[in-house]
Structure formats: C-alpha cells, structure tokens
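Coordinate inspection notes
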Amino acid sequence: MLSKRTIIGLVVGSIIIGIGGYSLITHIGTITINENYIVDVGDSTVYTIPAPDGTPQMMKIIGDSFDLEMTSPVDGLQIPKTSYKKELAIDWIHLADGETRIKIQNTGNTELEITGTLIRSSDPIWFTFDLMVIISGMVIIGFSMGFTLRKPKGF
C-alpha cells in the first residue's frame, strides 16, 4: 500500500516531468519572435539573431532619422553604417547558419519604432534547463518512493 506522502510525491513529480518534457519539445527547432520595440531619442539597440540557413527575416524601422549597420554570415546581406530617414523595410534570408548583427542608432528627434518577424535558432542553454526540470521531477519521485519502503525518522 502506498502512503499519502508517496502518492503526493508521485503526482507532483509526474507533473514536473510533464512540464519539463513539454518545454523541451517546444524548444526544439526555431523560435519565431514578433518584435515591437521603441528606441528613445539618442539611444541605440543591437539585435543578434542566430539562425539556421534558409530562414526568412523581416524588419521595419520607422522614425525621423537613424543609422543602421548590419552584418550577416558568409555572403548574406551586408549593410555598412548608413543613415536613413523616415522608414526602412528589410527582408532577407539567412544563406548560412550563423549570426546576424544589426546595430540601430536613433539620430532623429522622435522615437524609433522597430517591428518585425525574426526567426532564430533555439538557445542550447534551454536544453539544460529543461533537462534539470525533468531530473528534479525524477528526484521527487525517488524520494517519495522512499516513504513506501520505510518511514524516515522525523516524518
């Protein structure tokens, strides 16, 4: 017969393992980010987009005036530091696995509005986090099974 604490441990551990497994599955592959960001007057922002080859990217920048510099991996889209006025729409496709860096500096008198759809690779650190959550669930189940064999001192 299972004790009350064992059943609670099994349920809680199973839920934690389920959450970790679901998170692990959702972090496989690419992640789509719908960007909507405001850059204040005089400020700058940097986007670093690690993405696999063949992923389409889209970004639109609206504002008084701004400087933009972009570097893509291998022979991808390269934009040296250039000044723009009013609006810029950039659509590109990653030609190779790698990281695109975009630096945007607001040089105008109004805020910049940056919108876009960016597709990026999943960060490998999430695999470690998800694995740790799953292991935590297993440890909880293991400890709760100890209550079935014998009742530890102090419980």
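Described in the following lines is the structure provided in the data block. (Residues numbered from 1 in each chain as written. Predicted model: local features only at pLDDT ≥ 70, side-chain atom pairs only at ≥ 80, totals over all residues. Heavy atoms only, no water.)

Topic: the overall build of the chain
Regarding its fold elements, the chain presents two helices and six strands. The helix and strand sequence of the chain, counted from the amino end, reads α-β-β-β-β-β-β-α. Since a compact globule built from 155 residues should have a radius of gyration of about 15 Å, the 24 Å found for the chain marks it as more spread out than a globular shape. Projected onto its principal axes, the C-alpha positions of the chain cover 75 × 35 × 20 Å. In the chain, which comprises 155 residues, the share counted as buried stands at 30%. Here the analysis covers contacts within the chain between residues at least 6 apart in sequence; of these, 79% occur between residues at least 24 apart. Approximately 9,700 Å² of the chain is accessible, and the part contributed by carbon and sulfur atoms is 63%. For the chain, the distance from the average position of its 12 positive side-chain charges to the average position of its 16 negative side-chain charges is 20 Å. (Helix = DSSP H or I, 4+ residues; strand = E, 2+ residues; numbered from the N terminus. Rg over C-alpha atoms; globule rule 2.2 N^0.38 Å. Buried < 20%, exposed > 50% of the residue type's maximum accessible area, 1.4 Å probe, protein only. Contact = heavy atoms within 4.5 Å. Areas by Shrake-Rupley, 256 points an atom, 1.4 Å probe, with all protein chains shown as cover. Lys, Arg positive; Asp, Glu negative; His and termini not counted. Charge placed at Lys NZ, Arg CZ, Asp CG, Glu CD.)

Overview of the pairing of strand S5 (residues 98-106)
Where strand S2 (residues 44-51) meets S5, eight bridges bridge the pair, whose relative direction is antiparallel. Its bridge partner being in S5, Val46 is matched across the sheet by Lys103. (Pairing = 2+ DSSP bridges.)

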